[in-house]
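Architecture and fold: a report
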2 protein chains.
Amino acid sequence: MTEDTPNEIVVVKSEQSKINSVDFSNLIFGRVFTDHMFICDFKDGKWQTPQIIPYQAMTIEPSARVFHYGQAVFEGMKAYKDENDDIFLFRPDQNFKRINTSAARLAIPEFPESYFFDGLQTLLKLDKDWIKPGVGNSLYVRPFVIATEPAISASPANQYRFMIICSPAKAYYNEPVRVLFAEKFSRSADGGVGFAKAAGNYAAQFYPTSLAQKKGFQQIIWTDASTHQYLEEAGTMNIFFRINDKLVTAPNNDRILDGVTRKSVIQLAEDLNIDCEVRRVSVEEIKSAAKDGSLKEIFGAGTAAVISPVSAFEHGGDVFEIEQMEKDSYASLFKEKLLQIQHNLSEDPHHWRYKVK
Amino acid sequence: MTEDTPNEIVVVKSEQSKINSVDFSNLIFGRVFTDHMFICDFKDGKWQTPQIIPYQAMTIEPSARVFHYGQAVFEGMKAYKDENDDIFLFRPDQNFKRINTSAARLAIPEFPESYFFDGLQTLLKLDKDWIKPGVGNSLYVRPFVIATEPAISASPANQYRFMIICSPAKAYYNEPVRVLFAEKFSRSADGGVGFAKAAGNYAAQFYPTSLAQKKGFQQIIWTDASTHQYLEEAGTMNIFFRINDKLVTAPNNDRILDGVTRKSVIQLAEDLNIDCEVRRVSVEEIKSAAKDGSLKEIFGAGTAAVISPVSAFEHGGDVFEIEQMEKDSYASLFKEKLLQIQHNLSEDPHHWRYKVK
Ligand SMILES: Cc1ncc(COP(=O)(O)O)c(C=O)c1O
Ligand SMILES: Cc1ncc(COP(=O)(O)O)c(C=O)c1O
């Protein structure tokens, strides 16, 4: 995979699997973790020997910089199993690049490619029984990096921990979601860290989202912080609008996460000869389209939910209901196509599937 | 102090003090901590019995939400000792209010006033030998709250830990600092979390600050994210400009931390009949004033450094040196006044000193 020569990974296996205590038909997202985890510490200017050890709590100083200054970035990806018990990831090269892009923006040292892929594969093979075959089932994989140096000066840390933990998952959202277009709060600034998967970006959304939820909307579609006129992305999904038969989605910029699902949808649209414009999308345009009936669909795109249809949006006190299409919905089409590729049930012309060896 | 009836604090004393191993004449900020720390956990919908225990590492799950979604806020305050061995804090009511303002913005439950003050006082009395008398010496006190719930769904946690740790300190910066006015990067957005002491706000500044440092500037003065035309605050200080004999400083808004030192300087200026305008300050105004000689001083105001004079600024490729005033400097005047009040060496007309009982 790479030119780095990795240290051998030190593996300590768990004595007994917890898997029999888990009810796979009743999974709540992100609460149950597999038997093992991957750990690699950065100190003395370099990443140390990677380890895989039994999943467990860890010891950390109260002065660890992550608690005070939020130096923490993460990724989210999924592993799938086909009927032959082969394990696949979906475009993990993109997640690898992105975690290092995020890290660089937060002054965290980049993680070596070979450590990432060797660690990931070794971990997934050890915990392979946690990945259930069948469309909709997956193992959510969470790489993350935190600043562990025990010193509370407001500057980049000299010690970090890179980890991968895994949690079995079913589809994240099942129902179409009702969303609110942001008018006052914002997610990120020009010149800020919105394009990074930085921990602090998420906590910042919780309070505005809780206000939206009180009004009956599960999520917020963030708009640009300066004018609130352009629609950008949701809390954990990029966002697409279908106007008649054309798709539109906001361009990447330093406020928006460059989503793997988003870029895959854009490619699939091209493959399927669906017109997809990547350009600024104004709130006014979408409201007019909702009024004149040309707004056919809105959907989110992200690893957790794959594709998440939107059934209504609110802006300026007006609520617009979006009738869900019985057939020929783009949301269903893309979800189907993506799941087929992810689960090794279809061709893979762009080589997005990554087989764990 | 309050109407809450606190649970009794459970105190476990350390068996032996580490104090003799500390070289108080060679302190690096934020690396050495006192013998005890304050802990209070939130679970089952309420804050549990507060505890003071020996300072030590703690056990936390890799899935603790703080690592993934950055739900973490903090405060910074200082304790001082006078010649009679009395311990004082400076306006701790402001820090208490502010940590709860920060918490609310990050969907973290507010902390009870009585727990805060009882915890703080009990802790400071236990670790009183760590507070050295003498102007310039202090004990830096760091209250913080982190989301500890072991579940990686992107929503507010149901479990938190509130802590107070303390670190002996000398003055933070000694030399005047050279600063860069931000032209591309930004610290926070309108409608964002800039006014909160949220952990993620700090990590976001590290990379731009490291670029500034490579160019020979220790800090960045952040400008508004939309236009970069108005000067807001520095990474850990609010900022004042002296034009002839008039002071100007940016107004509070949702991007700027409402600094305790800043508001104290504004009050002292009023007391001293120094004209202080709280209004937007444009980069152009400051550059013109630097050119025509009316810009006499720039200084930062914050708990760590108290007052920190600026000796040069850069913008648009131009560097402006600011000659340091030998006498009648406002920076020196305010620093002197504040230190006198903090160390119980002067009158305290506004009741800013808080005596630990
Ligand atoms: C803010 C944000 N936008 C968009 C996405 C979707 O990105 P991806 O498709 O890579 O999962 C995520 C991902 O989880 C996200 O956190
Ligand atoms: C961003 C920021 N601005 C200003 C300040 C100064 O605030 P205070 O005077 O309350 O310490 C701080 C504090 O540490 C800060 O973090």
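This structure is a prediction, so every number in the text was calculated from the model and none was measured. (Residues numbered from 1 in each chain as written. Chains lettered and ligands numbered in written order. Predicted model: local features only at pLDDT ≥ 70, side-chain atom pairs only at ≥ 80, totals over all residues. Heavy atoms only, no water.)

Counting residues in hydrophobic clusters, the biggest one holds 48 residues, and the most contacted among them are A:I60, A:F67, B:I60 and B:F67. With near-sequence residues (within four places) excluded, B:F67 lies in contact with A:M58, A:I60, A:V66, A:F67, A:A72, A:F144, A:I146, A:A199, B:I60, B:E61 and B:P62. (Core = buried A, V, L, I, M, F, W, Y, C linked by side-chain atoms within 4.5 Å. Buried < 20%, exposed > 50% of the residue type's maximum accessible area, 1.4 Å probe, protein only. Contact = heavy atoms within 4.5 Å.)

Attention now goes to the interface of chain A and chain B. Listed per partner, the contact involves 62 residues of chain A and 62 residues of chain B. Taken together, both faces of the contact between chain A and chain B bury some 4900 Å²; the carbon and sulfur share is 64%. Summed over the shared surface of chain A and chain B, the number is two salt bridges. A:R31 is the salt-bridge partner of B:E149, the closest N and O atoms lying 3.3 Å from each other. The interface formed by chain A and chain B contains 19 residue pairs in polar contact (both at pLDDT 80 or more). Those elements that place two or more of their residues in the side of chain A that touches chain B are strand 5 (58-60), helix 1 (65-69), strand 6 (72-74), helix 2 (92-105), strand 9 (138-147), strand 10 (160-169) and helix 4 (199-214) of chain A. Sort the elements by how many residues they give to the side of chain A that touches chain B and helix 4 of chain A lands first, with eight residues. For the side of chain A that touches chain B, the class distribution of residues is 38 nonpolar, 16 polar and eight charged. Taken together, the three bridges between strand 5 of chain A and strand 5 (residues 58-60) of chain B define a ladder with antiparallel strand orientation. (Buried area = accessible area lost by both parts, 1.4 Å probe. Salt bridge = Lys/Arg side-chain N within 4 Å of Asp/Glu carboxyl O. Polar contact = N/O pair within 3.5 Å; in protein donor to acceptor, adjacent residues only side chain to side chain. Helix = DSSP H or I, 4+ residues; strand = E, 2+ residues; numbered from the N terminus. Nonpolar A, V, L, I, M, F, W, Y, C, P; charged D, E, K, R; others polar. Pairing = 2+ DSSP bridges.)

On to the relation of the copies chain A and chain B. The operation relating the two chain copies consists of a rotation about an axis and a shift along that axis. Turning chain A through 180 degrees and shifting it by 0.0 Å along the axis lays it on chain B, with an RMSD of 0.0 Å. Taken together, the rotation angle and the small translation identify this as a two-fold axis. Take the interface residues of chain A: 100% of them recur as interface residues in chain B, which is what a same-surface contact looks like. (Least-squares fit on C-alpha atoms with pLDDT ≥ 70 in both.)

What follows is about the domain arrangement of chain A. All names here are of chain A. As assigned here, chain A comprises domain 1 (2-169) and domain 2 (177-342). Facing 19 residues of domain 1, the contacting portion of domain 2 comprises 21 residues. The junction of domain 1 with domain 2 conceals about 1800 Å² of combined surface from both sides, 65% of it contributed by carbon and sulfur atoms. In this structure, the connection of domain 1 to domain 2 is made through zero salt bridges. Taken together, the connections running from domain 1 to domain 2 amount to 11 residue pairs in polar contact (both at pLDDT 80 or more). Sorting the residues of the side of domain 1 that touches domain 2 by element identifies strand 6, strand 7 (77-81), strand 8 (87-90) and helix 2 as the ones contributing at least two each. Among the elements that take part in the side of domain 1 that touches domain 2, helix 2 stands out by supplying six residues, more than any other. (Domains from an automatic or database assignment.)

With that out of the way, let us pick up the site of ligand 1. Residue and element names in this part refer to chain A. Residues in contact with ligand 1 amount to 17 residues; listed here are only the nearest, Y202, E233, V260, T261 and T303. Within the backbone of V260, a nitrogen or oxygen atom sits 2.8 Å from an oxygen atom of ligand 1. Taken by itself ligand 1 offers 390 Å² of open surface, and the protein chains cover 96% of this. Within the shell around ligand 1, the residues separate by chemical class into six nonpolar, seven polar and four charged. (Near = heavy atom within 4 Å. Areas by Shrake-Rupley, 256 points an atom, 1.4 Å probe, with all protein chains shown as cover.)

Residue and element names in this part refer to chain A. Burial runs high along strand 2 (residues 36-43): six of the eight residues are buried. Here strand 2 pairs with strand 10 via five bridges, running antiparallel. When the bridges of strand 10 are listed, D41 appears paired with R161. Where strand 2 meets strand 3 (residues 46-47), two bridges bridge the pair, whose relative direction is antiparallel. Each residue of the ladder has a partner; that of K43, found in strand 3, is K46. Counting the residues that bridge the hairpin from strand 2 to strand 3 gives two residues, and of these D44 lies at a positive phi of roughly 50 degrees.

Residue and element names in this part refer to chain B. Taken together, 17 residues sit near ligand 2, with Y202, E233, V260, T261 and T303 positioned nearest. Take R98: an N or O atom from its side chain is 2.8 Å from an oxygen atom of ligand 2. Out of a free accessible area of 390 Å², ligand 2 has 96% covered by protein chains. Elements represented by at least two residues in the shell around ligand 2 include exactly strand 13 (231-234), helix 5 (260-271) and strand 17 (295-302). Along the lines of polarity and charge, the residues of the shell around ligand 2 split into six nonpolar, seven polar and four charged.

With that settled, the discussion passes to the environment of B:V260. Residue and element names in this part refer to chain B. Along the chain, the position of V260 falls in helix 5. Measuring from C-alpha to C-alpha, the distance between V260 and R98 comes to 9.5 Å, with 162 residues separating the pair along the chain. Once residues within four sequence positions are removed from consideration, V260 is found in contact with F90, R91, Q94, N95 and R98.

On to unusual backbone geometry. Residues and elements named next belong to chain B. Notably, N273 is not glycine yet its phi reads approximately 60 degrees, a positive angle. Tracing the chain through its elements places N273 in the loop between helix 5 and strand 16 (276-278). Taking relative accessible area as the criterion, N273 reaches 72% and is therefore assigned exposed. Even without glycine at this site, V306 takes up a positive phi of about 65 degrees.

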